[in-house]
Amino acid sequence: LTLPKYLDLGTYMAKDSIPFSQSSNLLEALLTALEDINIETFEKVVETHTYLKNQLKQFGFTIISEQNSSPMILTIEIPSSISSAVIGDILYNHGYQLHYESDYLKRRNWIQIACIDHYDKADLEKMANLLNRVITYEQNATQQALVNGK
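Cut-offs used in this document
Residues numbered from 1 in each chain as written. Predicted model: local features only at pLDDT ≥ 70, side-chain atom pairs only at ≥ 80, totals over all residues. Heavy atoms only, no water. Helix = DSSP H or I, 4+ residues; strand = E, 2+ residues; numbered from the N terminus. Contact = heavy atoms within 4.5 Å. Polar contact = N/O pair within 3.5 Å; in protein donor to acceptor, adjacent residues only side chain to side chain. Pairing = 2+ DSSP bridges. Axes fitted to C-alpha atoms, helices over the stretch in contact; angles between N-to-C directions. Buried < 20%, exposed > 50% of the residue type's maximum accessible area, 1.4 Å probe, protein only. Parallel < 35°, antiparallel > 145°, perpendicular 65-115°, else oblique. Left-handed = near helix turned anticlockwise from the far one by under 90°. Nonpolar A, V, L, I, M, F, W, Y, C, P; charged D, E, K, R; others polar. Core = buried A, V, L, I, M, F, W, Y, C linked by side-chain atoms within 4.5 Å. Expected span 1.5 Å × (residues − 1).

Novice: So what exactly am I meant to see when it comes to the environment of Thr75 here?
Specialist: Looking at the secondary structure, you find Thr75 in strand E2 (residues 73-77). With 64 residues separating them along the chain, Thr75 and Gln139 place their C-alpha atoms 20 Å apart. If sequence neighbours within four positions are ignored, Thr75 has contacts with Thr62, Ile63, Ile64, Trp110, Ile111 and Gln112. A distance of 3.0 Å separates a polar atom in the side chain of Thr75 from a polar atom in the side chain of Gln112.

Novice: I keep staring at the sheet that holds strand E3 (residues 110-114) and nothing clicks. Help me out?
Specialist: Strand pairing within a sheet occurs via backbone hydrogen bonds; the two strands may be parallel or antiparallel. Strand order across the open sheet formed by three strands is E1-E2-E3, with antiparallel pairing between neighbours. For this open sheet the edge positions go to strand E1 (62-64) and E3, each flanked by a neighbour on one side alone. Taken over all neighbouring pairs, the strand axes of this sheet differ in orientation by 35° on average, direction set aside. Lying over the sheet, helix H3 (residues 39-58) contacts E1, E2 and E3, oriented at roughly 10° with respect to E2.

Novice: How do you make sense of the side chain of Asn109 when you look at a structure like this?
Specialist: Looking at the element boundaries, Asn109 is found in the loop between helix H5 (103-108) and E3. A relative accessible area of 14% means that Asn109 is categorised as buried. At 2.7 Å, the side chain of Asn109 forms a polar contact with the backbone oxygen of Ile82. Excluding residues that lie within four positions of it along the chain, Asn109 makes contacts with Ile76, Glu77, Ile78, Pro79, Ser80, Ile82, Ser83 and Ser84.

Novice: Hey, could you run me through the packing of helix H4 (residues 84-93) against helix H6 (residues 121-147) in this one?
Specialist: Packed helices, taken two at a time, are described by the angle their axes make and the gap between the axes. Relative orientation of the contacting elements H4 and H6 amounts to 135°, with a least axis distance of 10 Å. Between H4 and H6, the interaxial angle falls into the category oblique. Considering the relative orientation of H4 and H6, their crossing is right-handed. Residue-level inspection shows Ile87, Ile90 and Leu91 of H4 in contact with H6, the latter providing Met127, Leu130, Leu131, Val134, Ile135 and Glu138. Split by residue class, the contact of H4 with H6 holds eight nonpolar, no polar and one charged.

Novice: Is there a simple way to think about the nonpolar core in this case?
Specialist: As a rule of thumb, nonpolar side chains are buried together in soluble globular proteins. Counting residues in each nonpolar core, the largest one holds 24 residues, and the members touching the most others are Leu52, Leu56, Ile76, Ile87, Leu91 and Leu131. Those elements giving two or more residues to this core turn out to be H3, E2, H4, E3 and H6. Per-element tally for this core: the top contributor is H6, with seven residues. In contact with Leu52, not counting residues within four places along its chain, are Leu74, Ile113, Leu124, Met127 and Ala128.

Novice: Sorry, what's going on with the environment of Pro79 here?
Specialist: Here Pro79 shows up in the loop between E2 and H4. Exposure remark for Pro79: the relative accessible area of 25% places this residue in the partly exposed category. For the pair Pro79 and Ser102, spaced 23 residues apart in the sequence, the C-alpha separation amounts to 18 Å.

Novice: Explanation requested: H6 in the structure shown.
Specialist: The periodicity of an α-helix, 3.6 residues per turn, causes residues three or four places apart in sequence to face the same way. With 27 residues, H6 extends 39 Å between its outermost C-alpha atoms, agreeing within 8% with the 39 Å of an ideal straight helix rising 1.5 Å per residue. Its buried side turned inward, H6 meets H3, E2, H4 and E3. Gly149 occupies a position one or two residues after H6 and carries a positive phi of about 75°.

Put into structure tokens, the structure is as follows:
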């Protein structure tokens, strides 16, 4: 997968000018997205972030950058004995698409959850419960394998 040149900010820096015409489709998409942002939308994002953060903290999850972070994304640390990619794949197979595949997330063993949609609290609770059950299961399986010498 290659980044188109007209999106590569390094190209703009190297040229010290604007080397390409801007994509009207991207500008229109940006405008549409910006028009959708209002105080109610932002308050819903904050509400979703706060609710989900509290749910995960009740399970004992470590929330990354709890102070001064954007409510758009919630970042949690996965215990070091478990792969965040494995957890992300399992949740994906259950219908939850989390952020976990980028190199910087894999290196840190983090998972990110976007809070920018209009989620029902029951769905958020279901996802948090599933995440907790999967991690608990994986931790127990890892500990059992160590006990059994595998």
